Amino acid sequence: MDYGGWRRRRLAGSPGRLKVAHCMLVDLISAEPAHRPVLSDLLHLYAREFNEFHPVQFGTDGRFVYRDLPKYWKEAGKHPFLIQIDGKTAGFVLVQQTRAISGDDPVWEIAEFFVLKEFRRRGAGMDAAHRVWKRFPGMWQVRVLQANDAGFHFWDQAILRFTGNPAQPSALDRGGDRWLVFSFESRHSG
Ligand SMILES: CC(C)(COP(=O)(O)OP(=O)(O)OC[C@H]1O[C@@H](n2cnc3c(N)ncnc32)[C@H](O)[C@@H]1OP(=O)(O)O)[C@@H](O)C(=O)NCCC(=O)NCCS
């Protein structure tokens, strides 16, 4: 697979890890309760960026609080991950089990997904998304605000390269915003 020159190869003896050319090691780790402050900081940066597309409420101290974060260590079907590059925190993924927007069947959902600006366009986001989808086989949905052009192109490409088929998102109008919802199946495991 070639991401504009960022070629990747599996590391011998390290099946869960992928080496990106230019000596970059991308890893996806389960976030433990001790990682909560790091996740809170990343969620704050994510919210600042999200605020460009959709108004987000910040505290009087300017901080963003993600109220559902504690549930990721309490409720079944919620899974927090950190993305690391060369052992450094580069982003996060929050996965949850929910009901499909189209119908009512149980599906896996990317609740939130973020890569820090300095680590973008190196294939790390796509690696992380593919690894999460492989970890939880079954039906998936991914929602993105139509106004989030970069996010839309990212999911479009990540799903295309994962399933081998062009993704066909459906439109959803909710809370005064237009969302695009991708639905697909992960038949992989691992
Ligand atoms: C969207 C986001 C997760 C992408 O992460 P990333 O690590 O930079 O993505 P990758 O390097 O794996 O990109 C894979 C492909 O997605 C597409 N893509 C990624 N960012 C893009 C952008 N800004 N514009 C257009 N296409 C983009 C490209 O096809 C890219 O392949 P290429 O670099 O070979 O052209 C990151 O920009 C981000 O965290 N944005 C803010 C939060 C957000 O929007 N989250 C997702 C919405 S729910």
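Residues numbered from 1 in each chain as written. Predicted model: local features only at pLDDT ≥ 70, side-chain atom pairs only at ≥ 80, totals over all residues.

1. Describing the confidence of the model for the chain
Thought 1: Looking at the chain as a whole, the pLDDT averages 88, with 87% of positions reaching at least 70.
Thought 2: Note on residues 1–16: pLDDT is under 50 here. Beyond four places in sequence and across chains, it has 20 contacts. (pLDDT = per-residue confidence, 0-100. Contact = placed C-beta atoms within 7 Å.)

2. Regarding the site of the ligand
Thought 1: In the vicinity of the ligand, 21 residues are found, and the nearest of them are Arg120, Gly125, Ala150, Gly151 and His153.
Thought 2: Only α1 (36–50), β7 (106–115), α2 (124–135) and α3 (149–163) provide two or more residues apiece to the shell around the ligand.
Thought 3: Among the residues making up the shell around the ligand, the classes are represented as 10 nonpolar, 7 polar and 4 charged. (Near = placed C-beta within 6 Å. Helix = DSSP H or I, 4+ residues; strand = E, 2+ residues; numbered from the N terminus. Nonpolar A, V, L, I, M, F, W, Y, C, P; charged D, E, K, R; others polar.)

3. With respect to unusual backbone geometry
Thought 1: A positive phi angle, close to 50°, is found at Asp86, a residue other than glycine.
Thought 2: The phi dihedral of Arg121 falls on the positive side, at around 60°, and the residue is not glycine.

4. Observations concerning the pairing of β7
Thought 1: In terms of burial, β7 is a largely internal element, 8 of the 10 residues being buried.
Thought 2: Across 9 bridges, strand β6 (residues 88–99) lies against β7 in antiparallel orientation. When the bridges of β7 are listed, Thr98 appears paired with Val107.
Thought 3: Linking β6 back to β7 in an antiparallel pair, the connection comprises 6 residues, with Gly103 at a positive phi of about 105°.
Thought 4: Taking the sense of rotation as the criterion, the β-α-β connection linking β7, α2 and strand β8 (residues 138–145) turns out right-handed. (Buried ≥ 20, exposed ≤ 12 C-beta atoms within 10 Å, placed from the backbone. Pairing = 2+ DSSP bridges. Right-handed = clockwise from strand over helix to strand, strands pointing away.)

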